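Each chain is listed here by its residues.
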Amino acid sequence: MTRRALVAGNWKMNLDRERATALARGILEGSSGDGAEIAVFPPFVYLDAVGRVLESSPIAWGGQNMHFATSGAFTGEISGPMLTDLGARYVIVGHSERRHVFGESAELVGRKVAAAFEAGLVPVLCVGETIEQRRAGETRQVVFDQLAQGVAGITPEQAEKLVVAYEPVWAIGTGETATPEQAQEVHADLRGWLTERYSRETAARIRIQYGGSVKPSNAAELLAQDDIDGALVGGASLEVESFLAIVAAAR
Ligand code: PGA
C-alpha cells in the first residue's frame, strides 16, 4: 500500500487578501501536479479568494477549524457545509492551538471530526503531546486518547479517508523539531493503534502527517520515514519557495 503524501500549509492568522492570493498563485505556478498532494488552509475570510485562484487545479484548500453544527445561533463560528460551499476539501480539526489556547476538549474535537465527514470534508485530526507530557513518559497515552476520542463518532469507511497529523506541541512554532526517529516512533505507534481499532488495511490507508517546525532543511529526513505521509506546515508555508521545497522533499 503506497500512501500519497499530503503536504499542507496552515497559514493560521497570517497574511492579508493580497498576500494570500499571491501565495496561492505562487504555489499553483510552481508546483508540477505530481508527487505529493498539496493543500492550503487560509484564514476563513480569504478562503473564497484563494479557492478562486486554485479552482480546477489539483491543489486543495480547507478550513483551519469548524463547528460541529450545520447552522444555528453560534456567533463567530463556521460550519462544515459553509466550507464545502466554498469548495473546501479538507478541514483541520483539533489543532494544538485550538486545544490549548482555546480550550477545545478531545470530546469536542471528536464531534467536529464526525461533522466534517457528514459535510463531505476530510478532517485533518491533529494530535500531540506537550513537553511536560513527553518528559513524564505520557506521549503514547496522550496521543492514543486524542485519537480514540477523535474517531469515536466515525465509521470504519470514513476512517479510511481520515488524515491524522502528529504535531508535538513543543515543536510547533518553536524551531524545535522532533528527530526523524522520535517522529517515526510515534507515527508507528499511531498506525499500530489504528490497526487494532480497525484493520491492517484501513490503518495502511490512513495518512499520518508530521507537523512542528517543518522546514526545507529538515523535511526530506522526516518525510523519508516509513510512517510519515506528509507534513502540516505552519511558518514555512507562508513563503512560496520554502513551502514548495517541502513539497519537493516529499517525493
Ligand atoms: P509550525 O506550525 O510549522 O510553524 O511549527 C505547524 C502547525 O502548527 O501546524
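Relevant structure appears above.
Anyway, here's the lowdown on the structure attached to this text. (Residues numbered from 1 in each chain as written. Predicted model: local features only at pLDDT ≥ 70, side-chain atom pairs only at ≥ 80, totals over all residues. Heavy atoms only, no water.)

Our next topic: the overall build of the protein. Looking only at helices and strands, the protein has 12 helices and 8 strands in total. For 251 residues, the compact-globule estimate of 2.2 N^0.38 gives 18 Å, and the C-alpha radius of gyration of the protein, at 17 Å, lies within 12% of that figure. Each principal axis of the C-alpha atoms in the protein carries an extent, and together these give about 45 × 45 × 35 Å. Looking at the 251 residues of the protein, the share that counts as buried comes to 54%. Within the protein, contacts between residues at least 6 apart in sequence are counted, and of these 73% link residues at least 24 apart. Carbon together with sulfur atoms contributes 49% to the accessible area of the protein, which is approximately 11,200 Å² in total. Here the protein contributes 23 positive and 32 negative side-chain charges, whose respective centroids are spaced 2 Å apart. (Helix = DSSP H or I, 4+ residues; strand = E, 2+ residues; numbered from the N terminus. Rg over C-alpha atoms; globule rule 2.2 N^0.38 Å. Buried < 20%, exposed > 50% of the residue type's maximum accessible area, 1.4 Å probe, protein only. Contact = heavy atoms within 4.5 Å. Areas by Shrake-Rupley, 256 points an atom, 1.4 Å probe, with all protein chains shown as cover. Lys, Arg positive; Asp, Glu negative; His and termini not counted. Charge placed at Lys NZ, Arg CZ, Asp CG, Glu CD.)

The strand order S1-S2-S3-S4-S5-S6-S7-S8 describes a closed barrel built from 8 strands, whose pairing is parallel. If you compare each strand with its neighbour and ignore which way they point, the axes differ by 25 degrees on average. In this structure, strand S4 (residues 90-93) lies alongside strand S5 (residues 122-127), joined through 4 bridges in parallel fashion. Looking at S5, one finds that isoleucine 92 is bridged to valine 124. Contacts from helix H12 (residues 240-249) reach strand S1 (6-10), strand S2 (37-41) and strand S8 (230-233), with the element oriented near 160 degrees to S1. (Pairing = 2+ DSSP bridges. Axes fitted to C-alpha atoms, helices over the stretch in contact; angles between N-to-C directions.)

Each turn of an α-helix holds 3.6 residues, which means side chains three or four residues apart point in the same direction. Three or more residues of H12 are buried, namely Ser242, Phe243, Leu244, Ile246 and Val247. Contacts from the buried residues of H12 go to S1, helix H1 (17-30), S2, helix H11 (216-223) and S8.

Close to the ligand lie 13 residues; Lys12, His95, Glu167, Gly173 and Ser213 are nearest. Note that an oxygen atom of the ligand is positioned 2.7 Å from one of the side-chain N or O atoms of glutamate 167. Here the ligand has 280 Å² of accessible area as a free molecule, and 95% of this is covered by the chains. Mapping the ligand onto the cavity grids shows that it belongs to the second largest pocket. (Near = heavy atom within 4 Å. Polar contact = N/O pair within 3.5 Å; in protein donor to acceptor, adjacent residues only side chain to side chain. 1 Å grid on protein atoms, 1.4 Å probe; cavity = no way out; pocket = protein on both sides within 12 Å on 5 of 7 lines; lining within 4 Å. Sits in = over half its atoms within 2 Å of the grid points.)

Assignment of secondary structure puts aspartate 229 in the loop between H11 and S8. For aspartate 229, a relative accessible area of 5% gives the class buried. Here arginine 191 takes part through its side chain, which lies 2.7 Å from a polar atom of the side chain of aspartate 229. Every residue in contact with aspartate 229, bar those within four places of it in the chain, is listed here: Arg3, Arg4, Ala5, Leu6, Arg191, Ile206, Arg207, Ile208 and Gln209.

For side chains bearing opposite charge, pairing can occur when the charged atoms are close. Going through the model one piece at a time under the given rule, you end up with 12 salt bridges. A salt bridge links glutamate 37 to arginine 89; the nearest nitrogen and oxygen atoms lie 3.1 Å apart. In this pair, glutamate 37 sits in strand S2 while arginine 89 sits in the loop between helix H3 (80-85) and S4, placing the two residues 52 residues apart along the sequence. Judged by its relative accessible area of 37%, arginine 89 falls in the partly exposed class. A salt bridge links glutamate 160 to arginine 205; its shortest N-O distance comes to 3.5 Å. In this pair, glutamate 160 is assigned in the loop between helix H8 (156-159) and strand S6 (163-166) and arginine 205 in helix H10 (residues 200-205), connecting sequence segments 45 residues apart. A relative accessible area of 30% places glutamate 160 in the partly exposed class. Salt bridges sharing partners connect three or more residues here, namely Arg3, Arg191, Asp227 and Asp229. (Salt bridge = Lys/Arg side-chain N within 4 Å of Asp/Glu carboxyl O.)

Here we take up the layout of surface pockets. A volume near 510 Å³ is recorded for the largest pocket. Along its surface, the largest pocket is lined by 18 residues, and Lys12, Met13, Gln64, Arg98 and Phe102 are the ones closest to its centre. Its residues assigned to classes, the lining of the largest pocket comprises 9 nonpolar, 5 polar and 4 charged. What lines the second largest pocket is a set of 17 residues, among which Lys12, Gly173, Ser213, Gly234 and Gly235 lie closest to the centre. Residues that form the lining of the second largest pocket fall into these classes: 6 nonpolar, 9 polar and 2 charged. (Points joined across faces, edges and corners; volume = space filled by probe spheres on them. Nonpolar A, V, L, I, M, F, W, Y, C, P; charged D, E, K, R; others polar.)

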